[in-house]
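In case you want the letters, here they are:
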Amino acid sequence: MRREQEQEFVAFVDAVSPRLLASAWLLTGDAEAAQDLVQETLARLYVRWRRVRGGNPTAYARRVLTNLHTDTWRSRRREVLVAEPVEFVGSDPDGGRHVDVVRALQSLPPREREVVVLRHYLDLSEEQTARTLGTSVGTVKSSASRGLGKLREILREGDGSHVGRA
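Here the residue numbers are simple positions, counted from 1 along each chain's written sequence. Only residues with pLDDT of at least 70 are given local features in this predicted model, and only at 80 or more are side-chain atom pairs given and counted; all residues enter the totals for whole chains, interfaces and linings. Each side-chain value is derived from all of the structure's non-hydrogen atoms; neither hydrogens nor water enter the calculation.

Under an unreviewed UniProt entry, the name given to the chain is RNA polymerase sigma-70 factor (Sigma-E family), and the source organism is Ornithinicoccus hortensis. For the chain, the Sequence similarities (unreviewed entry) comment in UniProt is given as "Belongs to the sigma-70 factor family. ECF subfamily." UniProt positions are given in the numbering used here, feature names are shortened, and annotations may be inferred rather than shown by experiment.

Student: Mind showing me how you'd approach the overall build of the chain here?
Tutor: Think of it this way: any DSSP run of H or I at least four residues long counts as a helix, any run of E at least two long counts as a strand, and we number them from the N terminus. Each helix and strand counted, the chain has eight helices and zero strands in total. We call a residue buried when its accessible area falls under 20% of the maximum for its residue type, exposed when it is over 50%, and partly exposed in between, using a 1.4 Å probe and counting protein chains only. Across the 166 residues that make up the chain, the buried fraction comes to 39%. Of all intrachain contacts in the chain linking residues separated by at least 6 positions in sequence, the fraction that spans at least 24 positions is 66%. Note on areas: Shrake-Rupley, 1.4 Å probe, and residue coverage restricted to the protein chains presented here. Summed over its atoms, the accessible surface of the chain is roughly 9700 Å², and 49% of this surface lies on carbon and sulfur atoms. The contact definition used throughout considers only heavy atoms, calling two residues in contact when any of these lie within 4.5 Å.

Student: When you look at the confidence of the model for the chain in this model, what are you seeing that I'm missing?
Tutor: Regions with low pLDDT carry predicted coordinates that are not meant to be interpreted in detail. Scored from 0 to 100, pLDDT records how confident the predictor is in each individual residue. Counting all residues, the mean pLDDT for the chain is 82, and 78% of those residues have values of 70 or more. Element-level mean pLDDT values for the chain span from 76 in helix H5 (residues 97-107) up to 93 in helix H2 (residues 31-47). This stretch, residues 86-92, has a pLDDT under 50; its non-local contacts, to residues over four places away or in other chains, come to nine contacts. Across residues 160-166 the pLDDT falls below 50, and counting only partners more than four positions away or on other chains, this stretch makes ten contacts in the model.

Student: Can you help me understand the packing of aromatic side chains in this one?
Tutor: Where two aromatic rings form a pair, the distance of their centres and the angle of their planes describe that pair. Aromatic rings from Phe, Tyr and Trp, taking only the six-membered ring of Trp, are treated as a pair when their centres fall within 6.5 Å; an angle between ring planes under 30 degrees marks them as stacked, one over 60 as edge-to-face, and anything in between as tilted. One pass over the structure, following the stated rule, counts three aromatic pairs. Ring geometry for Phe-9 versus Trp-49: centroids 5.2 Å apart, planes at 75°, classification edge-to-face. Taken together, the residues Phe-9 in helix H1 (residues 3-28) and Trp-49 in helix H3 (residues 49-52) connect sequence positions 40 residues apart. Of the residues examined, Phe-9 reaches a relative accessible area of 9% and is grouped as buried. Accessibility expressed as a relative area gives 2% for Trp-49, which makes it buried. Members of the aromatic cluster, each reached through a chain of ring pairs, are Phe-9, Phe-12, Tyr-46 and Trp-49. Sitting over the face of the ring of Tyr-121, Arg-19 holds its NZ or CZ atom 5.0 Å from the ring centroid. Only when the NZ of Lys or the CZ of Arg is both within 6 Å of the ring centre and within 35 degrees of the ring normal is a charge said to sit over the ring.

Student: Could you clarify how one ought to interpret H1 in this entry?
Tutor: For an α-helix the count is 3.6 residues per turn, leaving residues at separations of three or four pointing the same way. Think of it this way: the bend at a residue is just the angle between two axes, each fitted to seven residues, one set ending at that residue and the other starting at it. A maximum bend of about 45° is found in H1 at Val-16, where proline Pro-18 lies one to four positions downstream. One or two steps after H1, the chain reaches Gly-29, where phi turns positive at roughly 75°.

Student: Explanation requested: the side chain of His-69 in the structure shown.
Tutor: Locating His-69 in the fold gives a position in helix H4 (residues 57-76). On the basis of relative accessible area, His-69 is assigned to the buried category, the value being 5%.

Student: Help me out: how do you make sense of the packing of H1 against helix H6 (residues 110-121) in this one?
Tutor: Angle between the axes and distance between the axes are the two parameters that describe a pair of packed helices. Two numbers describe how H1 lies on H6: the axes approach to 9 Å, and their chain directions differ by 145°. Where H1 crosses over H6, the two elements pack in a sense that is right-handed. Contact with H1, carried on its side by Arg-19, Ala-22, Ser-23, Leu-26 and Leu-27, involves Arg-113, Glu-114, Val-117 and Tyr-121 of H6 and no other residues of that element. Each axis is a line fitted through C-alpha atoms, and for a helix only the stretch in contact is used; angles between axes span 0 to 180 degrees, taken between their N-to-C directions. Each crossing gets its hand from how the near helix is turned against the far one by less than a right angle, where anticlockwise is left-handed and clockwise is right-handed.

The following block contains the structure:
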C-alpha cells in the first residue's frame with residue numbers, strides 16, 4: 001500500500017473506530033470480544049483497502065463486523081452471556097437506563113439483536129440492513145418487529161429479572 005493510501009486508512013480508522021467499537025459492544029455484550037471483533041474487522045479492511053476506499057468503506061466495515069459476529073455465534077451454536085455489561089463511559093442523563101437497554105439487547109437472539117442494532121442504533125434503512133446481513137427486507141422487518149417487541153416487554157418490566165436468560 002502506498003504511503004498516501006496508508007494515511008487515508010489511518011484517518012478512516014480514527015474516524016470510524018469509536019462507532020464500530022460501540023456497535024461491536026452492543027452485538028457482543030463484552031468489551032474484550034468487541035475489541036477483538038473491531039480489530040479483526042480493521043485487519044480485513046486493511047487488506048482490501050485499495051478496492052474498498054473508493055466506495056463506501058464504512059458500510060463495508062459494518063458488513064465485515066456483522067459477518068464476523070455472525071460467524072462467531074454460529075460456530076459456538078450458543079451465545080455466551082455476561083453477567084454484567086460494561087458501563088458506558090461518560091455522563092448518564094437517564095440514570096442508568098442505557099444499561100437496561102444493553103442488558104435487554106443481550107437477551108435477544110443474535111439475528112434479532114443484529115437487526116435492532118443496525119436499524120436503530122446505527123440508523124440504517126431496512127434495505128441497508130438487509131444488504132449488510134445478506135437477508136431479505138422482509139426478514140429484517142420481521143426480526144426488527146420481534147426484537148423490538150421483546151425489548152419493550154423486558155424494559156417495561158423494569159426490574160430486568162429475566163434479562164440474560166436464554
